[in-house]
Amino acid sequence: MESLKTIEIIGTAAFGIAGTFAAMEKKLDVFGTFIIAFITALGGGTLRDVLIGEVPVKWLLEFSAGFVVLMSTIVGLLFKSAIKNFHNVLLFFDSIGLGFFTVVGIQTGISLDMHPISCIALGTITACFGGVIRDISLSNIPLIFQKEIYATTCILGGAVFFLLLKLNVPIMPVEIICLATIVVFRLLSVKFNWHLPRIWKTEKSASQ
Amino acid sequence: MESLKTIEIIGTAAFGIAGTFAAMEKKLDVFGTFIIAFITALGGGTLRDVLIGEVPVKWLLEFSAGFVVLMSTIVGLLFKSAIKNFHNVLLFFDSIGLGFFTVVGIQTGISLDMHPISCIALGTITACFGGVIRDISLSNIPLIFQKEIYATTCILGGAVFFLLLKLNVPIMPVEIICLATIVVFRLLSVKFNWHLPRIWKTEKSASQ
Amino acid sequence: MESLKTIEIIGTAAFGIAGTFAAMEKKLDVFGTFIIAFITALGGGTLRDVLIGEVPVKWLLEFSAGFVVLMSTIVGLLFKSAIKNFHNVLLFFDSIGLGFFTVVGIQTGISLDMHPISCIALGTITACFGGVIRDISLSNIPLIFQKEIYATTCILGGAVFFLLLKLNVPIMPVEIICLATIVVFRLLSVKFNWHLPRIWKTEKSASQ
């Protein structure tokens, strides 16, 4: 449980810092930066909870995640240049966040007796749609709609999750392997620049 | 009931294809294209259900509509050029979707004993706000805020619905006439390029 | 209670007119203008109610607020130039709306026995996020993320609210003082052009 809490904090902080950087690129002020960091880290879980009716949403009842976002916003704002030098560390933390939030979303679906497809959808929404709402809020087309290995990674991790569950692997190792699969696949996909096809690649502007 | 299911599939597929084309214009990849098609077809109903508290939303519990969207995305991606030649067929299907989703939204309001105004609002949200969320997600100002005969058509159809109900017409014919009104009015409004006034038409840029 | 109703109408109308003007700048048609005015005035409360599960949302059950928005849209469209001359009056009304909606949101949180931080968050969401959703719908980066004294004013008002409550001031004067604080601080912040820091102000484009 200790280590679970650590993973949650790492994931939330990584997403919060990613949001802080996105907000700084648009030159928001400190309040706007915090809100965008908050949306990035907690927006996916919020959308999930609204879609399934788990309301009031958790961050209105319990402040630890919001506090982590606040801290990561402050750290992001103050140590911008320093942090950017640790690009690989950030990517690693971000991958942990991706894996962790996917597992949390899948577990939410399981706790509601939902079909594996729904559980994987909830995992993907939890992990990816904070970034989607952030991008839309900043007048950008969501990045993961253009370079979707991000979301595909969550779907793949979810498939591994239910495959192992079907093979009667106990839930704890299933969660760990799912998280590890997502982290590894995410790191590999960035390293080797994997991406899904766009259909109009014959067109001149396909390189975007 | 058979024919109702057929109408639902036609409407969902038409909306899904419209979403697929909108996503292709922005050069999204296949995942993003599917999500945009999904939002176009099911986003209006999702917003409706969130606003009235009918959660978990239906597409998390039942996959047929999502499957239709998936199929229409694939068809849209593969046969883009061919489909575009059937512009009039698409418009006709899209009109059926508009009418069908309006009727579904109105029925949802009636099942909650809501006022006709609320029912018509729910019908319009169901039919039109998937496209609104799609446009916002793609960083466009929603089309129906600029050329609103689309939403007005749903409102008109809703007014016809409750007028007939008041005249004690049985519910089945009321639904059919409402749907037909929307289809016919939609086709006419496209053919004759009807649109509502913008107030600043004296300005030079009024032609948009 | 009479005066409360008056304040609600003033606030809703001011927000509706602000939304109408924002929509006119983007040259929307009359339907789109009404929807944007509606979102501006009632979007914050809607988001609040969805996040806490107070659904169906109020405007589907009760039409007085929607009617005020409709009236303010019509007035805004017809008397655009005339109204713009009363810039200071509008600002004053808008400030009243800001204060009123903040108090309403705080009270919603209190009625659910929420922590003061949650109550202030709900107050800020109620007062500010209608404008946020409006800006996103119009493909703008939300203004209050860039010049955040707006939201900060609500947070300040909320802090005053709970400070007074802690000092055993009765609820009625607490609400009035909270509202007055927000109005006064808002007017002062506009007059003296207060704004929160952006971190990258050393950069050339910091003047935005």
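Parameters and conventions
- Residues numbered from 1 in each chain as written.
- Chains lettered and ligands numbered in written order.
- Predicted model: local features only at pLDDT ≥ 70, side-chain atom pairs only at ≥ 80, totals over all residues.
- Heavy atoms only, no water.
- Contact = heavy atoms within 4.5 Å.
- Salt bridge = Lys/Arg side-chain N within 4 Å of Asp/Glu carboxyl O.
- Polar contact = N/O pair within 3.5 Å; in protein donor to acceptor, adjacent residues only side chain to side chain.
- Helix = DSSP H or I, 4+ residues; strand = E, 2+ residues; numbered from the N terminus.
- Least-squares fit on C-alpha atoms with pLDDT ≥ 70 in both.
- UniProt positions renumbered as here; feature names shortened; annotations may be inferred.
- Nonpolar A, V, L, I, M, F, W, Y, C, P; charged D, E, K, R; others polar.
- Axes fitted to C-alpha atoms, helices over the stretch in contact; angles between N-to-C directions.
- Parallel < 35°, antiparallel > 145°, perpendicular 65-115°, else oblique.
- Left-handed = near helix turned anticlockwise from the far one by under 90°.
- Core = buried A, V, L, I, M, F, W, Y, C linked by side-chain atoms within 4.5 Å.
- Buried < 20%, exposed > 50% of the residue type's maximum accessible area, 1.4 Å probe, protein only.
- Phe/Tyr/Trp six-rings, centres within 6.5 Å; stacked < 30°, edge-to-face > 60°.
- Lys NZ or Arg CZ within 6 Å of the ring centre and 35° of its normal.
- Patch = residues over 30% accessible without salt bridge, like charges linked within 9 Å, V, L, I, M, F, W, Y side chains within 5 Å.
- Areas by Shrake-Rupley, 256 points an atom, 1.4 Å probe, with all protein chains shown as cover.

## A short note on the interface of chain A and chain B
Across the contact, 31 residues belong to chain A and 26 residues belong to chain B. At the boundary of chain A with chain B, the tally comes to zero salt bridges. At the junction of chain A with chain B, the criterion picks out four residue pairs in polar contact (both at pLDDT 80 or more). Looking at the side of chain A that touches chain B, the elements that each hand over two or more residues are helix H2 (30–52), helix H6 (116–137) and helix H7 (149–166) of chain A. Ranked by the residues each element gives to the side of chain A that touches chain B, the list is headed by H6 of chain A, at seven residues.

## So, the relation of the copies chain A and chain B
Note on the copies: chain A fits chain B at an RMSD of 0.0 Å, the axial shift is 0.0 Å, and the rotation between them is 120°. Expressed as a symmetry operation, the mapping of one chain copy onto the other fits a three-fold axis. The C-alpha atom lying nearest the rotation axis in chain A is that of Ser-139 of chain A; the distance is 3.3 Å. When you check the interface residues of chain A against chain B, a mere 10% turn up at the interface there too, and the two sides of the contact use different surfaces.

## So, the UniProt feature "domain: Glycine transporter" (unreviewed entry) in chain A
Per the UniProt annotation, the sites labelled "domain: Glycine transporter" (unreviewed entry) are residues 7–75 and 92–164 of chain A. Secondary structure within residues 7–75 of chain A divides into 78% helix and 0% strand; the distance between the first and last C-alpha atoms comes to 18 Å.

## Examining the interface of chain C and chain A
Taken together, the contact pairs 31 residues of chain C with 26 residues of chain A. The tally of links from chain C across to chain A stands at zero salt bridges. Across the contact surface, chain C and chain A share four residue pairs in polar contact (both at pLDDT 80 or more). Mapped onto the side of chain C that touches chain A, the elements with two or more residues apiece are helix H2 (30–52), helix H6 (116–137) and helix H7 (149–166) of chain C. In terms of residues, the side of chain C that touches chain A owes the most to one element, H6 of chain C, which gives seven residues. Of the residues that constitute the side of chain C that touches chain A, the class distribution is 20 nonpolar, seven polar and four charged.

## What about the relation of the copies chain C and chain A?
A rotation about an axis combined with a shift along that same axis relates the two copies of the chain. Superposing chain C onto chain A takes a rotation of 120° plus a shift of 0.0 Å along the axis, which leaves an RMSD of 0.0 Å. Of all interface residues in chain C, a mere 10% are interface residues in chain A too; the two copies therefore contact each other through different surfaces.

## Observations regarding the UniProt feature "transmembrane region" (unreviewed entry) in chain A
Per the UniProt annotation, the sites labelled "transmembrane region" (unreviewed entry) are residues 30–47, 59–79, 91–109, 115–136, 148–165 and 171–188 of chain A. For the annotated span residues 30–47 of chain A, helix accounts for 100% and strand for 0% of the residues, and the straight-line distance between the end C-alpha atoms is 24 Å.

## Points about the packing of helix H5 (residues 87–111) of chain C against H6 of chain C
All names here are of chain C. Running from N to C, H5 and H6 cross one another at 140°; their axes reach a closest spacing of 7 Å. By the criterion of interaxial angle, the relationship of H5 to H6 is oblique. Where H5 crosses over H6, the handedness of that crossing is right-handed. Together, Leu-98, Phe-101, Thr-102, Gly-105, Ile-106, Gly-109 and Ile-110 of H5 and Cys-119, Ile-120, Leu-122, Gly-123, Thr-126, Ala-127 and Cys-128 of H6 make up the contact between the two elements.

## Remarks on the packing of helix H2 (residues 30–52) of chain B against helix H5 (residues 87–111) of chain B
All names here are of chain B. Interaxial distance between H2 and H5 falls to 11 Å at its minimum, and their mutual angle equals 10°. Regarding the angle of H2 to H5, the classification is roughly parallel. Along the contact surface, H2 presents Ala-41, Arg-48 and Ile-52, while H5 presents Phe-101, Val-104, Gly-105 and Thr-108. Partitioning the contact of H2 with H5 into residue classes produces four nonpolar, two polar and one charged.

## Concerning the nonpolar core
Within the largest apolar cluster, 153 residues are counted, with the highest numbers of intra-cluster contacts made by Cys-128 of chain A, Cys-128 of chain B together with Cys-128 of chain C. Apart from the residues within four sequence positions on either side, Cys-128 of chain C is in contact with Leu-98, Ile-144, Tyr-150, Ala-151 and Cys-154 of chain C.

## Digging into the packing of aromatic side chains
The final tally for this structure, using the stated rule, is 27 aromatic pairs over all chains. Between Phe-15 of chain C and Phe-101 of chain C the ring centres are 5.1 Å apart and the planes differ by 50°, which places this aromatic pair in the tilted class. Placement of the pair is Phe-15 of chain C in helix H1 (residues 2–25) and Phe-101 of chain C in helix H5, with a sequence separation of 86 residues. Note on Phe-101 of chain C: relative accessible area 7%, which makes it buried. Here the aromatic rings of Phe-38 of chain C and Trp-59 of chain C are separated by 5.0 Å at their centres, their planes lie at 85°, and the arrangement is edge-to-face. Linking Phe-38 of chain C in helix H2 with Trp-59 of chain C in the loop between H2 and helix H3 (64–78), this pair joins segments that are 21 residues apart in sequence. Of the two residues, Phe-38 of chain C and Trp-59 of chain C, neither departs from the other in class, the shared state being buried. Through a chain of ring-to-ring contacts, three or more aromatic side chains come together here, namely Phe-15, Phe-100 and Phe-101 of chain A. If you follow Lys-191 of chain C out to its NZ or CZ, it ends over the ring of Phe-192 of chain C, 5.9 Å from the centre.

## Let's talk about a nonpolar patch on the surface
Residues and elements named next belong to chain A. Together, Phe-67, Leu-70, Met-71, Ile-74, Val-75, Leu-78 and Phe-79 give the surface a local cluster of nonpolar side chains, amounting to about 630 Å² of exposed area. One can find Met-71 in helix H3 (residues 64–78). Residue class for Met-71 comes out partly exposed when judged on its relative accessible area of 35%.

## Digging into the pattern of salt bridges
Side chains bearing opposite charge may pair, as long as their charged atoms lie close to each other. All names here are of chain A. Here the structure, examined in full by the defined rule, presents nine salt bridges over all chains. Notably, a salt bridge pairs Asp-135 with Arg-134, separated by 3.1 Å at the nearest N-O pair. Overall, Asp-135 belongs to the buried group, its relative accessible area being 8%.

## Quick word on the environment of Thr-126 of chain C
All names here are of chain C. Within the fold, Thr-126 resides in helix H6. It is 5.6 Å that separates the C-alpha atoms of Thr-126 and Gly-105, two residues lying 21 residues apart in sequence. Apart from the residues within four sequence positions on either side, Thr-126 is in contact with Gly-44, Gly-45, Arg-48, Phe-101 and Gly-105. Only 3.2 Å separates the side chain of Thr-126 from the side chain of Arg-48, close enough to count as a polar contact.

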